[in-house]
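Structural characterization, general
If you want the building blocks of each chain, they are given just below.
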Amino acid sequence: MIETPRLRLRSLTEGHLPHLVRWEADPLLRDLNDEDASPAPAGEVEETVRAWLRPGREDILPFAIHAQDDDACIGWCMIAKIDRAEGECRVGLTIGDRSLWGRGLGREVLEALVAHAFGPLGLSRVLGEAHAFNERSVRLLERCGFALLRVERAAIRRPDGVWDELVYARTR
């Protein structure tokens, strides 16, 4: 478990599946996080989460985000694509409870993930990705000290156009 002043990041379990299924069915969250804004079928979400939780996985650490005050599950996050040989990983997060947006919780989670990657995991570089249209994610990465590493031009095709994928990096 990773603790911050207001949150607890707990290892994701199958018990968290109902939350993830609900958030992956939210069109706004899907629109911000995925190329396809249509709701993800529950079976697809469950299959993905079970793959993350498969015993012996050393390349991914998925967490459920819980509020310290009432223990409510408010989102999920992960350290993924952990490559110890290269000393790097990727991070991602979703605050699924939209009523909590704009309160700095995403920043708290991201800083905790970076600290865990640089500390206990001993990595030297953390990558984060943002769709160019997701201004909140772009601002979050930049406010947390990530620098733009590369732009993957026209990487995302959606009904509203073709968008770039922005890849950010933060080093120890």
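Since this is a predicted model, take the numbers as computed values, not measurements. (Residues numbered from 1 in each chain as written. Predicted model: local features only at pLDDT ≥ 70, side-chain atom pairs only at ≥ 80, totals over all residues. Heavy atoms only, no water.)

Contact geometry of helix H4 (residues 105-118) with helix H5 (residues 135-143) gives a least axis separation of 10 Å together with a crossing angle of 50 degrees. Here H5 runs oblique to H4, going by the angle between their axes. Like other packed secondary-structure pairs, H4 and H5 cross with a definite hand, here right-handed. The segment H4 lies against H5, with Gly106, Arg107 and Leu110 engaging Leu140, Leu141 and Arg143. (Axes fitted to C-alpha atoms, helices over the stretch in contact; angles between N-to-C directions. Helix = DSSP H or I, 4+ residues; strand = E, 2+ residues; numbered from the N terminus. Parallel < 35°, antiparallel > 145°, perpendicular 65-115°, else oblique. Left-handed = near helix turned anticlockwise from the far one by under 90°. Contact = heavy atoms within 4.5 Å.)

Before going further, it helps to examine the packing of helix H1 (residues 17-24) against helix H3 (residues 42-52). Taken N-terminus to C-terminus, the directions of H1 and H3 make an angle of 130 degrees; their axes are 9 Å apart at the nearest point. Relative to H3, the element H1 lies oblique. Crossing of H1 against H3: the hand is right-handed. Between H1, through Leu17, Leu20, Val21 and Glu24, and H3, the contact on the second element is made entirely by Ala42, Val45, Glu46, Val49, Arg50 and Trp52. Class assignment of the residues belonging to the contact of H1 with H3 gives a composition of seven nonpolar, no polar and three charged. (Nonpolar A, V, L, I, M, F, W, Y, C, P; charged D, E, K, R; others polar.)

Now for the sheet that holds strand S3 (residues 60-67). Strand order in the open sheet formed by eight strands is S1-S2-S3-S4-S5-S6-S8-S7, and the pairing between neighbours is mixed. A strand with exactly one partner marks an edge of an open sheet, and here the two such strands are strand S1 (2-3) and strand S7 (147-158). Relative to strand S5 (residues 88-95), H4 is tilted by about 155 degrees, and along the sheet it contacts S1, strand S2 (7-11), S3, strand S4 (73-83), S5, strand S6 (125-131) and strand S8 (161-171). Of the strands in this sheet, S5, S6 and S8 touch H5, which is tilted by about 160 degrees from S6. (Pairing = 2+ DSSP bridges.)

This part covers H1. The complete set of buried residues in H1 reads Leu17, Leu20, Val21, Trp23 and Glu24. Along the long axis of H1, the arc covered by the buried residues comes to 165 degrees, so they all point the same way. Close packing links the buried residues of H1 with helix H2 (27-33), H3 and S4. (Buried < 20%, exposed > 50% of the residue type's maximum accessible area, 1.4 Å probe, protein only. Arc of directions from axis to C-beta.)

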